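What follows is the residue order along each chain.
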Amino acid sequence: MPEPPGFLARLGRYEFVLLGSLCAIAAILLLFGLVTEEALEGDAAAFDRDILLALRNPADLTDPIGPPWLERAAADITALGGVPVLALVTFVATGFLLIIRRRAIALLVLVSAAGGTAVSFGLKLFFARVRPDLVPHQVDVFTSSFPSSHAMMSAMIYLTLGALLARVQPQRRIKAYIMMVSVLLAILIGASRVYLGVHWPTDVLAGWMVGSAWAMLCGTVAWWLRRRGHDAAGSARD
């Protein structure tokens, strides 16, 4: 029986997308390795110190630059990357996906969140970098510094949810809006950790890298599941 027209061409395009995604993930993880080496060997110490000090009043290192409301806003924003808020967001998004009958994607969201949490705390325990003592901390902290779990988990959760929720939206403008909000949240949460003096900048950079790679991996899995479902439906029709 002859193959449907364009079958090989479509198959090649799908494989190209999959390969491109895996290469992008590998590149991000390579950058993470480079940042890790620079941070833990002390080569990025001047970079970390300069940025932390630039965000403080030179006459009083206990005072972050900017008006008082900015510090309060940073504390509120940083809470969006905490475990309670991220857990709530994950369950709300999972419920939404179940309501619209996207059960496989809902399960992927839960697995992604649980796996990302384990990766985050595992890396912290492994590297055990000391928190910055150059400036006073503006919020309480309880774990080690590298990588930033707020930056990592916010990137993992918000970018993954953004990518998965965008897939079930028919309009491109809505897709773009969801992804822009997801990226903006991850950036603001990571930046707030440095502003509040609880992380070195390289902690946040490393967290963003791992979180982005994780989100891209989950998005690739979601794409593969969707493609597999389409191929199965096409085979059934044939």
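Our structure's up above, just so we're on the same page.
Residues numbered from 1 in each chain as written. Predicted model: local features only at pLDDT ≥ 70, side-chain atom pairs only at ≥ 80, totals over all residues. Heavy atoms only, no water.

Visitor: It is not clear to me how the packing of helix 4 (residues 83-99) against helix 5 (residues 103-127) should be interpreted in this structure. Could you clarify?
Guide: Two measures define how a pair of helices packs: the angle their axes make with one another and the distance between the axes. Contact pair helix 4 / helix 5: the axes reach a minimum separation of 7 Å and the direction vectors enclose 165 degrees. Classified by the interaxial angle, the pair formed by helix 4 and helix 5 is roughly antiparallel. The hand of the helix 4/helix 5 crossing is right-handed. Across from Val83, Thr90, Phe91, Thr94, Leu97 and Leu98 in helix 4, the residues of helix 5 making contact are Arg103, Ile105, Ala106, Val109, Leu110, Ala113 and Phe121. Tallied by class, the residues present in the contact of helix 4 with helix 5 amount to 10 nonpolar, 2 polar and 1 charged. (Axes fitted to C-alpha atoms, helices over the stretch in contact; angles between N-to-C directions. Helix = DSSP H or I, 4+ residues; strand = E, 2+ residues; numbered from the N terminus. Parallel < 35°, antiparallel > 145°, perpendicular 65-115°, else oblique. Left-handed = near helix turned anticlockwise from the far one by under 90°. Contact = heavy atoms within 4.5 Å. Nonpolar A, V, L, I, M, F, W, Y, C, P; charged D, E, K, R; others polar.)

Visitor: Whenever I open this one, the packing of aromatic side chains confuses me. Can you help?
Guide: Within a pair of aromatic rings, the relevant descriptors are the distance that separates the centres and the angle that separates the planes. Taken as a whole and judged by the stated rule, the model has 4 aromatic pairs. Each ring, one from Phe32 and one from Phe127, has its centre 6.4 Å from the other, and the planes form 75 degrees; the classification is edge-to-face. Of this pair, Phe32 sits in helix 1 (residues 7-40) while Phe127 sits in helix 5, placing them 95 residues apart in sequence. A relative accessible area of 11% places Phe32 in the buried class. The interplanar angle of 80 degrees and the centroid separation of 5.0 Å between the aromatic rings of Phe126 and Phe127 together place this pair among those described as edge-to-face. A network of ring pairs unites the aromatic residues Phe32, Phe126, Phe127 and Phe146 as a single cluster. (Phe/Tyr/Trp six-rings, centres within 6.5 Å; stacked < 30°, edge-to-face > 60°. Buried < 20%, exposed > 50% of the residue type's maximum accessible area, 1.4 Å probe, protein only.)

Function-wise, these values are silent; they only describe arrangement.
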